[in-house]
Amino acid sequence: MHVYERKLPIAENVYCVFYIPAFKNQSKGVYIEYLGIESSPRYLERKEEKLEIYNKYQFQLIELIDDEMQNIEEVLTQKLISFGITVY
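## A few points about helix H2 (residues 72–82)
Part 1 of the reasoning: The complete set of buried residues in H2 reads Val-75, Thr-77 and Leu-80.
Part 2 of the reasoning: Where H2 terminates, the next one or two residues include Gly-84, which has phi positive at roughly 80 degrees.

Below is the structure:
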């Protein structure tokens with residue numbers, strides 16, 4: 001199960017792209033962010049703000065960038081496994 005555009009459980013009004021809740025032997029859920037638009041200064045500023053928030057609250061985060069989208073299944077599988085999430 002996953003959640004799309006979930007508000008982070010913090011005072012700041014920040015939403016993630018996807019959230020995978022904790023289950024089985026995990027202590028925390030994993031947040032997924034697509035951080036792909038690199039040409040906009042405003043977007044880059046917001047990206048840095050969001051990354052600071054994830055770091056501040058020590059949320060488990062998977063970042064996806066444009067270059068990874070061509071092999072999204074393989075890339076995301078490996079990143080999920082790194083957090084102990086069984087994919088197959």
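## Here's the deal with the sheet that holds strand S3 (residues 30–34)
Part 1 of the reasoning: An order of S1-S2-S3-S4 is seen for the 4 strands of this open sheet, with the pairing classed as mixed. The open sheet is flanked by strand S1 (3–4) and strand S4 (60–64), the only strands paired with a single partner.
Part 2 of the reasoning: As paired strands, strand S2 (residues 18–20) and S3 are joined by 3 bridges and run antiparallel to one another. Looking at S3, one finds that Phe-18 is bridged to Ile-32.
Part 3 of the reasoning: H2 rests against S2, S3 and S4 of the sheet, and its axis sits at about 160 degrees to S4.

## A look at unusual backbone geometry
Part 1 of the reasoning: The residue Glu-5 is not glycine, and still its phi comes out positive at about 50 degrees.
Part 2 of the reasoning: Structurally, Glu-5 is set in the loop between S1 and S2.
Part 3 of the reasoning: For Glu-5, a relative accessible area of 47% gives the class partly exposed.

## Some details on the environment of Leu-80
Part 1 of the reasoning: Of note, Leu-80 is situated in helix H2.
Part 2 of the reasoning: For Leu-80 and Lys-47, which are 33 residues apart along the polypeptide, the C-alpha to C-alpha distance reads 21 Å.
Part 3 of the reasoning: Discounting residues that sit within four places of it in the chain, Leu-80 has contacts with Ile-20, Ile-62, Ile-85 and Val-87.

## Comments concerning the layout of surface pockets
Part 1 of the reasoning: Estimated volume of the largest pocket: approximately 180 Å³.
Part 2 of the reasoning: In this structure, the largest pocket is lined by His-2, Val-17, Phe-18, Ile-20, Ile-32, Tyr-34, Leu-64, Met-69, Ile-72, Leu-76 and Leu-80.
Part 3 of the reasoning: Counting only elements with at least two residues in the lining of the largest pocket, the list comes to S2, S3 and H2.
Part 4 of the reasoning: Here the lining of the largest pocket takes 3 residues from H2, the largest share from any one element.

Quick notes on the rules
- Residues numbered from 1 in each chain as written.
- Predicted model: local features only at pLDDT ≥ 70, side-chain atom pairs only at ≥ 80, totals over all residues.
- Heavy atoms only, no water.
- Buried < 20%, exposed > 50% of the residue type's maximum accessible area, 1.4 Å probe, protein only.
- Helix = DSSP H or I, 4+ residues; strand = E, 2+ residues; numbered from the N terminus.
- Pairing = 2+ DSSP bridges.
- Contact = heavy atoms within 4.5 Å.
- Axes fitted to C-alpha atoms, helices over the stretch in contact; angles between N-to-C directions.
- 1 Å grid on protein atoms, 1.4 Å probe; cavity = no way out; pocket = protein on both sides within 12 Å on 5 of 7 lines; lining within 4 Å.
- Points joined across faces, edges and corners; volume = space filled by probe spheres on them.

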